[in-house]
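Coordinate inspection notes
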Amino acid sequence: MRTRMILVLLVLVTRVVSAADDPLPSWNDGPTKQAIVKFVTEATREGSAAFVPPAERIATFDNDGTLWIEQPIYTQFAFALARVKALAPEHPEWKTTQPFADILAGNLKGALGGGEKAIVELIMATHAGMSTADFTKLVEDWLATARDARFKRPYTELVYQPMLELMTWLRANGFETYIVSGGGVEFMRPWTERVYGIPPQQVVGSTIVTTWVMGPGGPVLMREPKVDYVDDGPGKPVSINKFIGRRPVFAFGNSDGDQQMLEWTAAGTGARFMGLVHHTDAVREMGV
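Please read all numbers here as calculations on a predicted model, not as lab measurements.

Along the chain, the regular secondary structure elements total twelve helices and seven strands. Overall, the chain is about 75 × 50 × 40 Å in size when its C-alpha atoms are taken along their principal axes. Considering the chain as a whole, with its 288 residues, one finds that 43% of them fall into the buried category. Sequence-distant contacts in the chain: of pairs separated by 6 or more residues, those separated by 24 or more amount to 61%. Split by element, the accessible area of the chain, about 15600 Å² in all, is 57% carbon and sulfur. Taken as two groups, the 28 positive and 32 negative side-chain charges of the chain have centres that lie 6 Å from each other.

In structure tokens form, the structure reads like this:
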């Protein structure tokens, strides 16, 4: 009996060691995983032709659809829809004004039919006219109670385990991980450190005009109903240069809005890695 117990313990220890040796256990053991492991291994091995000095180990990730769910609608858009319903009693004119009338009537397709103009109008009406501190609290309170319609889980739990493993492993190998997203920077910063391990100063995103105001209780930053910068498409390399100051050597995205970030990464000298996520899992995601 004692010998059998020892054998069982040896089997368990072997399994634990094997799992610990695999930095990306949720990834399929195919060409993509092998390419990532090879890149990181060579980039961090002194003397390697692909060695990347620690100061240059910059990795950038898109957020929506790359790190967490974006189907059937962007999470921030779901937040905006909830804000319209919450603010509706203060705006009776919305019952006859688009895109608000369609949203209040439950006609999401109609609301989106107005294109970019309607979306910007919606964001300005629901995200501005308050201090940055008040907006942060709104985001935190909403995320604490909101649930995705399909999975019935908080949005901050609908993140991709393989990508969490990847970012953790990169940081363990001296990489700095950044989010570079078309989403609102102040919508992401309240929770990215808790969920991804990425602190707010390493989050780059779209912004609205913000002004300094001396209020009764002291200075505050007020969010104005004006677009400041859209961090998408060609805007991503520009914001990387502006806020990070180094070209990434590793970048991951999932859409056309990430093309220029990946191209900018590829155009640098030395070792580079560019990844594109394509969701095909209809059981655990949306299979798009």
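So, on to the pattern of salt bridges. Within the structure shown, the criterion is met by seven salt bridges. The partner of glutamate 42 in a salt bridge is arginine 45, with the nearest N and O atoms 2.8 Å apart. The shortest N-O distance in the salt bridge between aspartate 258 and lysine 236 comes to 2.5 Å. Placement of the pair is aspartate 258 in the loop between strand E6 (250–253) and helix H12 (259–266) and lysine 236 in helix H11 (residues 235–244), with a sequence separation of 22 residues. Members of the salt-bridge network, linked through shared partners, are Asp62, Lys236 and Asp258.

Here we come to the nonpolar core. Core analysis: the biggest nonpolar cluster contains 46 residues, and Phe61, Leu166, Tyr196, Phe250 and Phe252 have the highest contact counts within it. Listing elements by their share of this core, those giving two or more residues are helix H2 (31–43), strand E1 (58–61), helix H3 (75–87), helix H7 (132–145), helix H8 (161–172), helix H9 (185–188), helix H10 (192–196) and E6. Among the elements that line this core, the one with the most residues is H8, at six residues. Dropping the residues within four chain positions of it, phenylalanine 250 is found in contact with Phe39, Ile58, Ala59, Thr60, Phe61, Leu166, Leu170, Thr265 and Phe273.

For arginine 83, the location among the structural elements is in helix H3. Nearest to the buried, unbridged arginine 83 among oppositely charged side chains is glutamate 90, at 7.2 Å. Beyond its immediate chain neighbours, meaning those up to four positions away, arginine 83 contacts Thr126, Met130 and Leu138.

In this structure, strand E2 (residues 130–131) lies alongside strand E5 (residues 218–229), joined through two bridges in antiparallel fashion. Bridge pairing in E5 places methionine 130 opposite arginine 223. Relative to E5, strand E4 (residues 203–215) is paired through eight bridges, and the arrangement is antiparallel. Of the residues in E5, the one forming a bridge with tryptophan 212 is leucine 221. The loop that links E4 with its antiparallel partner E5 comprises two residues.

What follows is about H12. Of all the positions in H12, only Met261, Leu262 and Thr265 are classed as buried. Each buried residue of H12 lies within a common arc of 95 degrees when the element is viewed along its axis, so the set occupies one face. If you follow the buried residues of H12, they end up packed against E1, strand E3 (176–184), H11, E6 and strand E7 (273–276).

On the surface, Val120, Val227 and Val230 cluster together into a nonpolar patch covering about 210 Å² of accessible area. Looking at where valine 227 falls in the secondary structure, it is placed in strand E5. Taking the relative accessible area as the measure of exposure, valine 227 reaches 42% and is therefore partly exposed.

As a further point, take the sheet that holds E4. Across the sheet, which stays open at both edges, the seven strands sit in the order E2-E5-E4-E3-E1-E6-E7 with mixed pairing between neighbours. Across the chains shown, the open sheet's two edge strands, defined by having one partner strand only, are E2 and E7. Against the sheet, H8 contacts E1, E3 and E6, and its axis sits at roughly 165 degrees relative to E1. Contacts from H12 reach E1, E3, E6 and E7, with the element oriented near 165 degrees to E6.

Moving on, we get to unusual backbone geometry. The linkage connecting glutamine 71 with the following residue, proline 72, adopts the cis geometry, with an omega of 5 degrees. Inspection of the secondary structure assignment puts proline 72 in the loop between E1 and H3. Cis geometry marks the peptide bond from glutamine 98 to proline 99; its omega dihedral reads 5 degrees. Along the chain, proline 99 falls in the loop between H3 and helix H4 (100–104). You will see that lysine 152, though not glycine, has its phi angle at about 60 degrees, which is positive. Mapped onto the elements of the fold, lysine 152 is located in the loop between H7 and H8.

Definitions and limits used
Residues numbered from 1 in each chain as written. Predicted model: local features only at pLDDT ≥ 70, side-chain atom pairs only at ≥ 80, totals over all residues. Heavy atoms only, no water. Helix = DSSP H or I, 4+ residues; strand = E, 2+ residues; numbered from the N terminus. Buried < 20%, exposed > 50% of the residue type's maximum accessible area, 1.4 Å probe, protein only. Contact = heavy atoms within 4.5 Å. Areas by Shrake-Rupley, 256 points an atom, 1.4 Å probe, with all protein chains shown as cover. Lys, Arg positive; Asp, Glu negative; His and termini not counted. Charge placed at Lys NZ, Arg CZ, Asp CG, Glu CD. Salt bridge = Lys/Arg side-chain N within 4 Å of Asp/Glu carboxyl O. Core = buried A, V, L, I, M, F, W, Y, C linked by side-chain atoms within 4.5 Å. Pairing = 2+ DSSP bridges. Arc of directions from axis to C-beta. Patch = residues over 30% accessible without salt bridge, like charges linked within 9 Å, V, L, I, M, F, W, Y side chains within 5 Å. Axes fitted to C-alpha atoms, helices over the stretch in contact; angles between N-to-C directions.

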